[in-house]
Amino acid sequence: MDKSQLIKEVFDSVASHYDIMNDIISFGIHRLWKNKMVNITHFTKNSKVLDIAGGTGDIAIRIARREPSIQVTVCDINQNMLSRGIDKAINLNQLNFNWVCANAENLPFEDSIFDYCTIAFGIRNVSDRKKALSEAYRVLKLNGKFICLEFAPMHYQNEVFTKFYNLYSFKVIPKIGSIVAKDKNSYKYLVRSIREFPTQAEFQMEIEKIGFRNVEFHDMSYGIVTLHIGTK
Ligand code: SAM
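Engineer: Just checking my understanding: could you explain the packing of aromatic side chains for this structure?
Structural biologist: Geometry of an aromatic ring pair is reported as the spacing of the ring centres plus the angle between the planes. Inspection of every chain in the model, using the stated rule, returns 13 aromatic pairs. Between the aromatic rings of Trp-33 and Phe-151, the centroid separation amounts to 5.8 Å while the plane-to-plane angle is 85 degrees, which identifies the pairing as edge-to-face. Note that Trp-33 is positioned in helix α3 (residues 29-40) and Phe-151 in strand β5 (residues 140-151), a separation of 118 residues in sequence. Its relative accessible area of 8% is what places Trp-33 among the buried residues. Looking at Phe-151, the relative accessible area reads 17%, which means it is buried. Pairing Tyr-137 with Phe-212 gives two aromatic rings, centres 4.9 Å apart and planes at 90 degrees, and the pair type is edge-to-face. Of the two residues, Tyr-137 is situated in helix α6 (residues 129-139) and Phe-212 in the loop between α9 (200-210) and β6 (213-220); the sequence distance between them amounts to 75 residues. The exposure class assigned to Tyr-137 is partly exposed, which follows from its relative accessible area of 23%. Within the aromatic cluster, the residues linked to one another by ring pairs are Phe-27, Phe-164 and Tyr-168.

Engineer: What's the story with helix α5 (residues 79-91) in this structure? I'm lost.
Structural biologist: Helical geometry note: an α-helix holds 3.6 residues per turn, so side chains three or four residues apart project in the same direction. Over its 13 residues, α5 runs 18 Å from end to end, which matches the ideal 18 Å to within 8%, given 1.5 Å per residue. Of the residues making up α5, those classed as buried are Met-81, Leu-82, Gly-85, Lys-88 and Ala-89. Seen from one end, α5 has its buried residues packed into an arc of 120 degrees, which puts them on one side. In the core, the buried residues of α5 are packed alongside α1 (3-14), α2 (18-25), α4 (58-66), β2 (71-76) and β3 (98-101).

Engineer: Would you mind showing me how to read the nonpolar core here?
Structural biologist: When a protein is soluble and globular, its nonpolar side chains tend to lie buried together. Judged by nonpolar contacts, the single largest core of 30 residues is most densely connected at Trp-33, Ile-63, Phe-97, Leu-149 and Val-225. Elements that contribute at least two residues to this core include exactly α3, α4, β2, α5, β4 (114-120), β5 and β7 (225-231). Element by element, the count of residues in this core is highest for α4, at 5 residues. The contact partners of Trp-33, leaving out residues within four places of it in the chain, are Phe-121, Leu-149, Phe-151, Met-220, Ser-221, Ile-224 and Val-225. Core analysis: the second largest hydrophobic core is formed by 25 residues, Phe-114, Ile-123, Phe-146 and Ile-207 among them.

Engineer: Mind showing me how you'd approach the packing of α3 against α4 here?
Structural biologist: Between two packed helices, the angle of one axis relative to the other and the distance separating the axes together describe the packing. Between α3 and α4, the least distance of the axes is 10 Å, while the angle of their chain directions is 50 degrees. Here α4 runs oblique to α3, going by the angle between their axes. Taken as a pair, α3 and α4 cross one another with a handedness that is right-handed. For the pair formed by α3 and α4, the contact residues are His-30, Arg-31, Lys-34, Asn-35, Met-37, Val-38 and Asn-39 on the first element and Asp-58, Ile-59, Arg-62, Ile-63 and Arg-66 on the second.

Engineer: When you look at the pattern of salt bridges in this model, what are you seeing that I'm missing?
Structural biologist: Where side chains of opposite charge bring their charged atoms close, a pairing between them can arise. Per the counting criterion, the structure on display carries 12 salt bridges. With a shortest N-O distance of 2.8 Å, Glu-150 and Arg-124 are connected by a salt bridge. Of this pair, Glu-150 sits in strand β5 while Arg-124 sits in the loop between β4 and α6, placing them 26 residues apart in sequence. Each of the two residues, Glu-150 as well as Arg-124, counts as buried. For Glu-196, the salt bridge is made with Arg-192, and the minimal N-O distance between the two is 3.7 Å. Note that Glu-196 and Arg-192 are positioned in helix α8 (residues 184-196) at a spacing of 4 residues, about one turn of the helix. A relative accessible area of 58% means that Glu-196 is categorised as exposed.

What counts, and at which threshold
- Position numbers for residues start from 1 in each chain and track the written sequence from start to end.
- The model is predicted, so local features are restricted to residues of pLDDT at least 70 and side-chain atom pairs to those at 80 or more, both for listing and for counting; the totals for chains, interfaces and linings are taken over all residues.
- Remark: hydrogens and water are excluded; side-chain values derive from all non-hydrogen atoms of the structure.
- For Phe, Tyr and Trp, rings pair up if their centres lie within 6.5 Å, where Trp contributes its six-membered ring, and each pair is then called stacked (planes under 30 degrees apart), edge-to-face (over 60) or tilted (otherwise).
- In this text, helices come from DSSP runs of H or I with a minimum length of four residues, and strands from runs of E with a minimum of two, each type numbered from the N-terminal end.
- Categorising residues by exposure relies on relative accessible area from a 1.4 Å probe, with only protein chains included: less than 20% of the type maximum marks a residue as buried, more than 50% marks it as exposed, and the intermediate range marks it as partly exposed.
- To estimate the expected span of a helix, subtract one from its residue number and multiply by 1.5 Å.
- As used here, the arc belongs to the directions running from the helix axis to the C-beta atoms.
- We call two residues contacting when some pair of their heavy atoms lies within 4.5 Å.
- We call a set of buried residues a nonpolar core when its members are Ala, Val, Leu, Ile, Met, Phe, Trp, Tyr or Cys and they connect through side-chain atoms within 4.5 Å of each other.
- Axes here mean lines fitted to C-alpha atoms, for a helix over just the part in contact, with angles spanning 0 to 180 degrees between N-to-C directions.
- What sets the label is the angle itself: under 35 degrees gives roughly parallel, over 145 gives roughly antiparallel, 65 to 115 gives roughly perpendicular, and the rest give oblique.
- Crossings are classed by handedness, with left-handed meaning an anticlockwise turn of the near helix from the far one by less than a right angle and right-handed meaning a clockwise turn.
- Salt bridge, as applied in this entry: a Lys or Arg side-chain nitrogen positioned within 4 Å of an Asp or Glu carboxyl oxygen.

Listed below in structure tokens is the structure:
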């Protein structure tokens, strides 16, 4: 099965339990990572943000709370994930987002129209990372910011922590997936995909090769996740 079909099946299957599973398997810490991603960025008033692979809208909701004048477009390839997000946003009275079902590798937007492109835990799921990065670059205005939150593969010196993290990732998370979301295999895939993602420095180079400048990364939680930032 090709990667895009696999990803579609994974997120079709997990959509209804996506938010609760994130809370359980990260002990709620994903909320802090997402808060930090949004808080560290000084979004300017009335700017336009494209949240790529925006799923159930966690990043969009945080951005709108921080700066209500921003116009946020949430784009995701999976309509089931977006539908969950739309319901969640309505419940939170966030009615101003544009929701667009589209592939990050072929964005249905004109060149140079967004001030920020955000993507949280999405870039490792796309089939062609270079295409997705190029598309983010294309739709950003000059001086626009690319802000990407993603897990990093673990290269820990500390053997005890590595053992614990591996055990938790490969044994406990799929088990929780099978109990809560009735889907062990999707969570096996999600864990495996983290290990296959490039290191922070390698990904930084990929972003730079697209043409972004001032590319930098900031590790969070001892490098379990990393925030990558670049400027067009
Ligand atoms: N950004 C959200 C968050 O942080 O909660 C959702 C992250 S979820 C782990 C990954 C999302 O990437 C899924 O909603 C999936 O449908 C989306 N995705 C995967 N491949 C994509 C692609 N090629 N284009 C757009 N979205 C994609």
